[in-house]
Amino acid sequence: MRLTQFIDENGKRALAVTARGEGRLVKGARATLDLARQAIADRGVGKPVDLARALKERRVLAPIDHKDPAHVLVTGTGLTHLGSAEGRDKMHKDLADPSKLTDSMRMFKLGLEGGKPGKNETGAQPEWFYKGDGSILAAPEGDLTSPAFALDGGEEPEIVGIYLIDSAGAPVRIGFTLGNEFSDHVTERQNYLWLAHSKLRPASLGPELLVGELPTDLHGVSRIRRGKEVIWEKAFLSGEQNMAHSIANLEAHHFKYALFRRPGDVHVHFFGTATLSFSDGVQTRKGDIFEIESEAFGLPLRNRLTTERPAKARVRAL
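Parameters and conventions
- Residues numbered from 1 in each chain as written.
- Predicted model: local features only at pLDDT ≥ 70, side-chain atom pairs only at ≥ 80, totals over all residues.
- Heavy atoms only, no water.
- Helix = DSSP H or I, 4+ residues; strand = E, 2+ residues; numbered from the N terminus.
- Buried < 20%, exposed > 50% of the residue type's maximum accessible area, 1.4 Å probe, protein only.
- Contact = heavy atoms within 4.5 Å.
- Polar contact = N/O pair within 3.5 Å; in protein donor to acceptor, adjacent residues only side chain to side chain.
- Pairing = 2+ DSSP bridges.
- Axes fitted to C-alpha atoms, helices over the stretch in contact; angles between N-to-C directions.
- Salt bridge = Lys/Arg side-chain N within 4 Å of Asp/Glu carboxyl O.

> So, the overall build of the protein chain: which residues are in play, and what are the values?
Scanning the protein chain from N- to C-terminus turns up seven helices and 16 strands. Projecting the C-alpha coordinates of the protein chain onto the three principal axes gives extents of approximately 60 × 55 × 50 Å. Across the 318 residues that make up the protein chain, the buried fraction comes to 49%. Taking the intrachain contacts of the protein chain between residues at least 6 apart in sequence as the baseline, contacts between residues at least 24 apart amount to 72%.

> Lay out the side chain of Ser183 with the relevant residues and their values.
The topology assignment puts Ser183 in the loop between β10 (171-180) and α5 (185-190). Polar side-chain contacts of Ser183 include one of 3.4 Å to the side chain of Glu156. Separated by 2.8 Å, the side chains of Ser183 and Glu181 make a polar contact. Non-local contacts of Ser183, meaning those with residues more than four positions away in its chain, are made with Lys131, Asp152, Gly153, Gly154, Glu156, Ser198, Lys199 and Arg201.

> Mind laying out the pairing of strand β1 (residues 2-7), listing which residues take part and the relevant values?
Within β1, five of the six residues are buried, which leaves the element mostly enclosed by the surrounding structure. Two strands pair when backbone bridges link them, and β1 and strand β11 (residues 203-210) are joined in this way by two bridges, in the antiparallel orientation. Its bridge partner being in β11, Leu3 is matched across the sheet by Leu209. Examined bridge by bridge, β1 and strand β2 (residues 13-19) share six bridges and lie antiparallel to one another.

> Explain helix α7 (residues 247-255) to me, using residue names and the numbers behind them.
Burial runs high along α7: seven of the nine residues are buried. Looking at α7, one finds that the buried residues are Ile247, Asn249, Leu250, Glu251, His253, His254 and Phe255. Buried residues belonging to α7 abut β5 (72-76), α4 (103-114), β9 (157-165), β10 and β14 (266-270).

> Describe the pairing of strand β3 (residues 22-26), and please don't skip the residues or the numbers.
Sheet topology places β2 next to β3; four bridges connect them, and they run antiparallel. Across the sheet, the residue bridging to Ala16 is Leu25, located in β3. The loop that links β2 with its antiparallel partner β3 comprises two residues; one of these, Arg20, has a positive phi angle of about 55°.

> Please give an account of unusual backbone geometry that cites residues and values.
Following Gly206, the chain continues into Pro207 via a peptide bond in cis, with omega recorded as 0°. Position of Pro207 among the secondary structure elements: in strand β11. Notably, Arg58 is not glycine yet its phi reads approximately 60°, a positive angle. Positionally, Arg58 belongs in the loop between α2 (51-56) and β5. We note that Glu141 has phi near 70°; this positive angle belongs to a residue other than glycine. Assignment of secondary structure puts Glu141 in the loop between β7 (137-138) and β8 (143-146).

> I'd like a rundown of the sheet that holds strand β12 (residues 218-226), residues and numbers included.
Strand order in the open sheet formed by five strands is β8-β16-β15-β12-β13, with mixed pairing between adjacent strands. Two strands bound the open sheet, and with one partner strand each, they are β8 and β13 (229-238). Here the strands of the sheet are splayed against their neighbours by 20° on average, with no regard to which way each runs.

> Which residues make up the side chain of Thr75, and what are the values?
With respect to the helices, strands and loops of the structure, Thr75 is situated in strand β5. There is a polar contact of 2.7 Å between the side chain of Thr75 and the side chain of His269. When neighbours within four sequence positions are excluded, Thr75 is seen to be in contact with Trp128, Phe129, Tyr130, Lys131, His254, Val268, His269 and Phe270.

> How would you explain the pattern of salt bridges if you had to name every residue and give the values?
Enumeration according to the criterion identifies 24 salt bridges in this entry. The partner of Arg59 in a salt bridge is Glu57, and the shortest N-O contact between them spans 2.9 Å. Taking the relative accessible area as the measure of exposure, Arg59 reaches 14% and is therefore buried. A relative accessible area of 39% places Glu57 in the partly exposed class. The partner of Arg223 in a salt bridge is Glu233, with the nearest N and O atoms 2.8 Å apart. Remark: Glu233 occurs in strand β13 and Arg223 occurs in strand β12; sequence separation between them is ten residues. In this structure Glu233 comes out as partly exposed when scored by relative accessible area, which is 47%. What emerges from the salt-bridge pattern is a single network uniting Glu141, Arg223, Arg225, Glu233, Glu291, Glu293 and Arg302.

Laid out in structure tokens, this is it:
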């Protein structure tokens, strides 16, 4: 079952549920967050809706939002995925070569050795980063705006967990969705201590939210369109079968901090990827279209790359 937030033909917010290939309106709820709070079992479905048309007309919203974006925390973790068979072979060779054990490779090795702990065990701590609050989330078919000072604007096709912190301070997973964890890979490659800077960028989610457990073996395709041409396309793998860490371990190391268990907050947490156009030498341009799709998540996630005008923040003393 998948959930989609969109604007109906009357210009009002609406929520749809897709099951067995058909999208229908959810009765009595206009937002994913409302539904999560009220419990999905108490809701019925209404008339069929054409979600593909709504997406084409840019009426589909991000699958989660909050009336106060400051209460949506967007974070992520990296070095979590095993990649393709070819990539895995190269990775194992690098791990066996002491001269190639960079800090990143050591972090990845920790995940391989302890990222999937047994019951009642504490697993290896993953890499973690902060992207921003809910204001950075671009809607499906919307623009991903790169800062004027950025050195790169590249896609990262990822699976994203969506969570609500309940009134008792316990995290509740609402579901999973596709995400484009848009980043500045040139800045990051210059110095790994600039990872935090490279991640302070917009991101996009959706269009649909998968309710329930995440399939262990997920396949998808990431591509870049430039005008009428597809300039890059590559399959990506996700799900725990293709990851060094379990989802539970990544969740445990995020929500172990009391700061991230504040009642009423929403968390959008990216789980990482091993597939980037940047790794293949692609240089993105203004106007490029990023497209990410996976059958398990229904409709594809598309966004256009744009750049913002230069601006300076002037600090004044009181």
